[in-house]
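# Understanding the architecture of this molecule
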Amino acid sequence: MARSISRNSPKVLKIKMIRLKRIKRIFGSSNALFFLIALVMAPSCELNLNADSEVYIRFNQLGFNTNDYKSAVILSKGELAGKSFSVISAIKKEEVYTGVVPKNLGQFGNFAFTYDLDFSSLKIKGEYYIQLGRKKSSTFKIGENVYSGLADSLLKFFTVQRCGYTNPYLHKICHIADATSIIDGKKIIQSKYDVTGGWHDAGDYVKFLNTTAFSTYMLIFSYEFDPVKFGFDHDKNGVPDLLDEAKIGLDWMLRCAYSDTKFITQVQDLRDHDVGWRMPEDDKLGFDRPAFLGMGKNLIGIYSATMALASRIWKDKIHDIEFSKKCLSAAEKYFSVRKKVADIDTSGTGHYRDEKYFGKLSLAAIELYQATSNKSYLDEAAILADSAKSDYWWSWGNINSLADYKLAKIFPKYSLYIKNNLDDFNKRKNNNLFNKGTELSWGTNVTLLGISLQNILYKRLTGDASYDSLSVLQRDFILGRNQWGVSFISNAGKNHSKNFHHQIGYIKGNLPGGFAAGPAKKEFVQKSKINFEKQDEYFLFQTDEDYYRDDRMDYITNEPTITGNATAIFVFGNLAFAN
C-alpha cells in the first residue's frame, strides 16, 4: 500500500539515521552532523526520497508498432511538471529519447497530479523502459511484430469454451444430452432435441444463439478481411485455424434450426449459476438442460449473415461444396420469413436481447447479395442500413458498422456512418485521463476494441489515418494504459488479469486467451452485491466512475466471453506485423 509519509515521521528519521551512519564512515563524525541537518531541513530531499513509491507509470505493456502514437500516463502524489524523463534501451542501457514532463492535467482519484507523456517520435525498434527520476517502468517493445501470436492465444480461448463432442481443451467431453426438454413460451415440451456442441458463452455453461452467431461471423469475417494475417494453420490440417473454430459454431447453429419459424435460442437456464463451481464434465445439471425456442428479425439477421458468409468461404477457400450449399440454404430459408416474425426475439432468460434489428438484417442482406448476386438483397441491405444509421457503439448487439463496411465497398457513402461513430468516440476520448472513447458499461473492453475495429474498417475503405491515435489509445487501455496498470488479456504483459470469473480457468489454474470484460461504474458493481473472494489489490486506484476487480467472483468486470474474444481476435490479428 502506498501512502504519504511525514518528513519527520519515525520511519523517515530511521532512514536518516541509517544514512548518517554511512556518512560517518565516509566523512567522519564532525562533518556527519552537518549532513544530517541538511537532510532534516531540506524538504526537496525528502520529496525525492518518497516520490518514487508514489509515482505510477501506465502504458501499453506489450508495446507499439513502429509508427504508432506512443504515450504513457503518470499518476503521482507529488508535482513532476518540468522534470525530465527518458526512454532507455533495456539491452544497451542507453537513453534513446529524452523529454520533459508536461503540465499537470489535474486530480484523478487519490492522485493530485497526472501527466501524459508523448514519445511518438521514437521509432527505433527495440526493447525499452521509461525512467523518471529513480522510478523505472517495466519493459515494452517497439517493432513490427509486437502483437504477433496474440490472436492465436485469443483463439485458444474458444477451444476451452467448446461443448459436447468437439475435442475441447482443458476439460473432457461434456453436456452430451443437450437439450433435455424444450421451452416454447410458457409451454414445456418434454422431448429431447440435439443441440450438442457449440461453445459455452462465458465463465458459465450456458449457450446462446445470438452470441454464438456473432462470434462465428467475426471469426469468418476476420479471415475474409485478411487471409494472410488470419491464415495461420498450427495443426497443419490444411484449414486455417479460425475457420476450423468457426465450424464449431456453424455446426451448432445448424442444429439450432428447430423449425421454419423457430430457432433454439438458448441452452440451459439460470440454475446453472446456482450449483457451485465445477468442471463441465462434472456438471450436476448435465442431464437437465432445457432449450428455449424463439425467433426475431434480429436473430434472423445475424444467423443468415453468418450462414451466407460461410457459404462463400467454404465454397471458395475450403472447396466443400456440400457444406457451402447447406449454409446458403439455411441463410435464404430464414431470411425469407423475416416479415413473419417479431422484430426482436424475447425468449430465454433475458440475456443478450437486442434493442434493434436493422443493422443485423442489413448485414444478412448484403451477405446474401454477395453469395447470390441477387440485386434485391443489395437494395434491401441499403434500405435497412439507412434505417439503422450510426449506432455510436460496438457490442454483440451493435454491429451496424459491419453492414456499412460491406455496403461502402459498393456505395462509398456508407462509410460516413462509420465515420460518425469514430467522430463521436474521438470527442469522448478527450474528456477523460485515459482517453477512453466511450462511457463505461458492462463489457466496456469489448466496446473499446470495437472502436479500434471500426477504425480498421474505415481505414481500409478510405485510406484515412485520422483516427489512428484514437484506435491506438483504446488498444493501449486494454494492455495496461489504465489506472490499475493491468493488461486485461491473460499472459499479455508483466501485470495482467489472472483471477477470471471462469470455472475451468479457476479449477485448472490456467486460461489461455482470457480477456476480462473490463471496468464499470463502481455503483453498478456494488449493486450486484458480489461476494468478493479477496481484498482489493487495486483499491488505491479505484474511482466511482472506473472500477475493476481482478477477482474470480466478479462476473461484471472480470468475466471473459466468446464475443469479447471474437472482437479482440480481429483487432490484434490485424495489428500483427503492421508498420
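The text that follows walks through the structure, step by step, so that each part is easy to find. (Residues numbered from 1 in each chain as written. Predicted model: local features only at pLDDT ≥ 70, side-chain atom pairs only at ≥ 80, totals over all residues. Heavy atoms only, no water.)

### A short note on a nonpolar patch on the surface
- A cluster of nonpolar side chains, contributed by Tyr165, Ile173, Ile176 and Phe287, occupies part of the molecular surface with about 470 Å² of accessible area.
- By the element assignment, Ile173 lies in the loop between α4 (150–161) and β10 (181–184). (Patch = residues over 30% accessible without salt bridge, like charges linked within 9 Å, V, L, I, M, F, W, Y side chains within 5 Å. Areas by Shrake-Rupley, 256 points an atom, 1.4 Å probe, with all protein chains shown as cover. Salt bridge = Lys/Arg side-chain N within 4 Å of Asp/Glu carboxyl O. Helix = DSSP H or I, 4+ residues; strand = E, 2+ residues; numbered from the N terminus.)

### Let's talk about the packing of helix α7 (residues 297–316) against helix α8 (residues 321–335)
- Close contact between α7 and α8 brings their axes to 8 Å; oriented N to C, the two are set at 155 degrees. What the angle tells us is that α7 and α8 run roughly antiparallel. Like other packed secondary-structure pairs, α7 and α8 cross with a definite hand, here left-handed. In this structure, α7 contributes Ile300, Tyr303, Ser304, Met307, Ala308, Ala310, Ser311, Trp314 and Lys315 to the contact, and α8 contributes Ile321, Phe323, Ser324, Cys327, Leu328, Ala330, Ala331, Tyr334 and Phe335. (Axes fitted to C-alpha atoms, helices over the stretch in contact; angles between N-to-C directions. Parallel < 35°, antiparallel > 145°, perpendicular 65-115°, else oblique. Left-handed = near helix turned anticlockwise from the far one by under 90°. Contact = heavy atoms within 4.5 Å.)

### Digging into the nonpolar core
- With 132 residues, the main nonpolar core has Met218, Phe221 and Phe572 as its most contacted residues.
- Each residue touching Phe221, except ones within four places of it in the same chain, is listed here: Leu309, Leu402, Tyr405, Lys406, Leu457 and Phe570. (Core = buried A, V, L, I, M, F, W, Y, C linked by side-chain atoms within 4.5 Å. Buried < 20%, exposed > 50% of the residue type's maximum accessible area, 1.4 Å probe, protein only.)

### A closer look at the pairing of strand β9 (residues 140–143)
- Note that strand β2 (residues 63–65) and β9 share three bridges and pair parallel. Counterpart to Gly63 in the pairing with β9 is Lys141.
- Here strand β7 (residues 126–132) pairs with β9 via three bridges, running antiparallel. The partner of Tyr128 across the bridge, within β9, is Phe140. (Pairing = 2+ DSSP bridges.)

### Here's the deal with the packing of helix α5 (residues 209–225) against helix α6 (residues 241–255)
- Close contact between α5 and α6 brings their axes to 9 Å; oriented N to C, the two are set at 150 degrees. One element, α5, and the other, α6, form an angle in the roughly antiparallel class. Considering only the axes of α5 and α6, their crossing is left-handed. The segment α5 lies against α6, with Leu209, Thr212, Ala213, Thr216, Leu219, Ile220, Ser222 and Tyr223 engaging Leu242, Leu243, Glu245, Ala246, Gly249, Leu250, Trp252 and Met253.

### Examining helix α12 (residues 415–429)
- Between its first and last C-alpha atoms α12 spans 21 Å; for 15 residues at 1.5 Å apiece the expected length is 21 Å, and the two agree.
- For α12, the full list of buried residues reads Ser415, Tyr417, Ile418, Asn421, Leu422, Phe425 and Lys429. Taken down its axis, α12 places every buried residue within 165 degrees of arc, on the same side.
- At its buried positions, α12 is contacted by α10 (375–388), α11 (400–408), α13 (444–462) and α14 (468–478). (Expected span 1.5 Å × (residues − 1). Arc of directions from axis to C-beta.)

### Some thoughts on the sheet that holds strand β3 (residues 71–76)
- Pairing in this open sheet of three strands is antiparallel, and the strands run β1-β3-β6 from one edge to the other. Each edge of the open sheet is held by one strand with a lone partner, namely β1 (55–58) and β6 (113–118). Averaged over all adjacent pairs, the angle separating strand axes in this sheet is 20 degrees, with direction ignored.
- By the bridge criterion, six bridges tie β3 to β6 in an arrangement that is antiparallel.

### Notes on the pattern of salt bridges
- Scanning the entire structure with this criterion turns up 35 salt bridges.
- Glu439 is paired through a salt bridge with Arg428; the nearest N and O atoms lie 3.8 Å apart. On the criterion of sequence distance, the pair formed by Glu439 in the loop between α12 and α13 and Arg428 in helix α12 is long-range, its members being eleven residues apart.

### Brief notes about unusual backbone geometry
- Omega for the peptide link from Asp178 to Ala179 comes to 0 degrees, which places this bond in the cis form.
- In this structure, Asn167 takes a positive phi of about 55 degrees despite not being glycine.
- Tracing the chain through its elements places Asn167 in the loop between α4 and β10.
- Non-glycine residue Tyr392 carries a positive phi angle of around 55 degrees.
- Note on placement: Tyr392 falls in the loop between α10 and α11.

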